[in-house]
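Okay, here's what each chain looks like letter by letter:
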Amino acid sequence: MAYADYECYFIKEEEMAVLLAGAGVKQWYGLTSKGQSTEEKTPQQEDLFRIMNSLYQKNYVDWEGDTINILFPAGEAVTRIKNAVSLIQMEVKEEESKSLAYIADRKVLWLEQSQREPAMLKFSLWEAKDWLENLTEIGLLPKEEPETEEWNENRETGEEKDNSISSDDVTERGRMLLLNPDNGQQKAALIIEDQGIDTYMRILRSLLESRKPYRKKQWEEIMADWMEGKIEDDIS
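The following refers to the structure shown.

Analysis parameters
Residues numbered from 1 in each chain as written. Predicted model: local features only at pLDDT ≥ 70, side-chain atom pairs only at ≥ 80, totals over all residues. Heavy atoms only, no water. Phe/Tyr/Trp six-rings, centres within 6.5 Å; stacked < 30°, edge-to-face > 60°. Buried < 20%, exposed > 50% of the residue type's maximum accessible area, 1.4 Å probe, protein only. Lys NZ or Arg CZ within 6 Å of the ring centre and 35° of its normal. Axes fitted to C-alpha atoms, helices over the stretch in contact; angles between N-to-C directions. Helix = DSSP H or I, 4+ residues; strand = E, 2+ residues; numbered from the N terminus. Parallel < 35°, antiparallel > 145°, perpendicular 65-115°, else oblique. Contact = heavy atoms within 4.5 Å. Nonpolar A, V, L, I, M, F, W, Y, C, P; charged D, E, K, R; others polar. Expected span 1.5 Å × (residues − 1). Arc of directions from axis to C-beta. Salt bridge = Lys/Arg side-chain N within 4 Å of Asp/Glu carboxyl O. Pairing = 2+ DSSP bridges.

**Things to note about the packing of aromatic side chains**
- Taken as a whole and judged by the stated rule, the model has seven aromatic pairs.
- Ring geometry for Tyr56 versus Trp63: centroids 5.5 Å apart, planes at 50°, classification tilted.
- In this structure Tyr56 comes out as partly exposed when scored by relative accessible area, which is 42%.
- Chaining the aromatic ring pairs together yields one cluster made of Tyr6, Trp110, Trp126 and Trp131.
- Seen from the ring of Phe10, Arg116 lies directly overhead, with NZ or CZ sitting 4.7 Å from the centre.
- Across from the ring centre of Tyr200, 3.9 Å away, lies the NZ or CZ of Arg211, which sits over that ring.

Put into structure tokens, the structure is as follows:
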């Protein structure tokens, strides 16, 4: 399903922080919050009234007696952040864009900076399968392409034939980082690099590094583990 088929919603970071604090989330790694405590970001009472009124105007909350209810889609966004087992940060060099995907139970909250209103965050709610397919549009998921003779020769190992690379010949297209959803600590990185007519994946984890052909099947195998918060070293 294409990006245009998914509805996007907008929220300020301070509004999201208030909702998360109310839901018992003590620490949030967002696009700019970088793992700060939600309690530290709790506003003064006057500001809290302003924020809650703004959330009410957006139909993100309502009141039932003394109880505040978080409504869809904000409630679903909070749930996915709270339950996230995986956090993937995506960067596309050409667009100079950065976004985050919080993942739990094959459901994704995609959080981006609004291009229309810089003070706003844009979020959308995805099924994992649709979200993965959509990454083709932003250049992070490889398309199915005929393999060159060199790749056919090295299919079993998945490694390139000649590992001697001049840094001048390599251009980074984008990168994906697997982060700890609680504090943003990096667990692994997948860097997409163009070299001549070929494209590679450089995979970093702990002190290990490998470089493989940028092919859909290999990429999907890595992402299948990442979406559960796992890396190759975690798997027995």
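After that view of the structure, there is still more to cover.
**Overview of the packing of helix α1 (residues 13-22) against helix α2 (residues 45-57)**
- Between α1 and α2, the least distance of the axes is 10 Å, while the angle of their chain directions is 95°. Classified by the interaxial angle, the pair formed by α1 and α2 is roughly perpendicular. Between α1 and α2, the contacting residues are Glu14, Glu15, Val18 and Leu19 on the first element and Leu48, Arg50, Ile51, Met52, Ser54 and Leu55 on the second.
- A per-class count over the contact of α1 with α2 returns six nonpolar, one polar and three charged.

**Some points on α2**
- Here α2 contains 13 residues, and its C-alpha end-to-end distance of 18 Å stays within 8% of the 18 Å for a straight helix at 1.5 Å per residue.
- Among the residues making up α2, those that are buried are Ile51, Met52 and Leu55. Buried residues along α2 cover an arc of 100° about the axis, so they all sit on one side. Within α2, the exposed residues directed more than 90 degrees away from the buried face are Glu46, Phe49 and Gln57.
- Here the buried face of α2 lies against β1 (9-12), α1, β4 (61-64) and β5 (67-70).

**Topic: the pattern of salt bridges**
- A full pass over the atoms with the stated rule returns 14 salt bridges.
- Note that Lys107 is salt-bridged to Glu127, the shortest N-O span being 2.9 Å. Of the two residues, Lys107 sits in strand β8 (residues 107-113) while Glu127 sits in strand β9 (residues 120-127), which places them 20 residues apart along the sequence.
- Put simply, Glu172 and Arg175 hold a salt bridge, and the shortest N to O gap is 2.8 Å.

**Considerations on the sheet that holds strand β10 (residues 170-179)**
- With antiparallel pairing, nine strands are arranged side by side in an open sheet as β1-β9-β8-β7-β6-β10-β11-β12-β13. Looking at which strands have only one partner, the edges of the open sheet turn out to be β1 and β13 (208-213). This sheet shows a mean twist of 25° between the axes of neighbouring strands, independent of strand direction.
- Bridge count between strand β11 (residues 186-195) and strand β12 (residues 198-205): eight bridges; the pairing is antiparallel. The partner of Asp194 across the bridge, within β12, is Thr199.
- Strands in contact with α1 are β1 and β9; relative to β1, the strand with the most contacts, it is inclined by about 85°.

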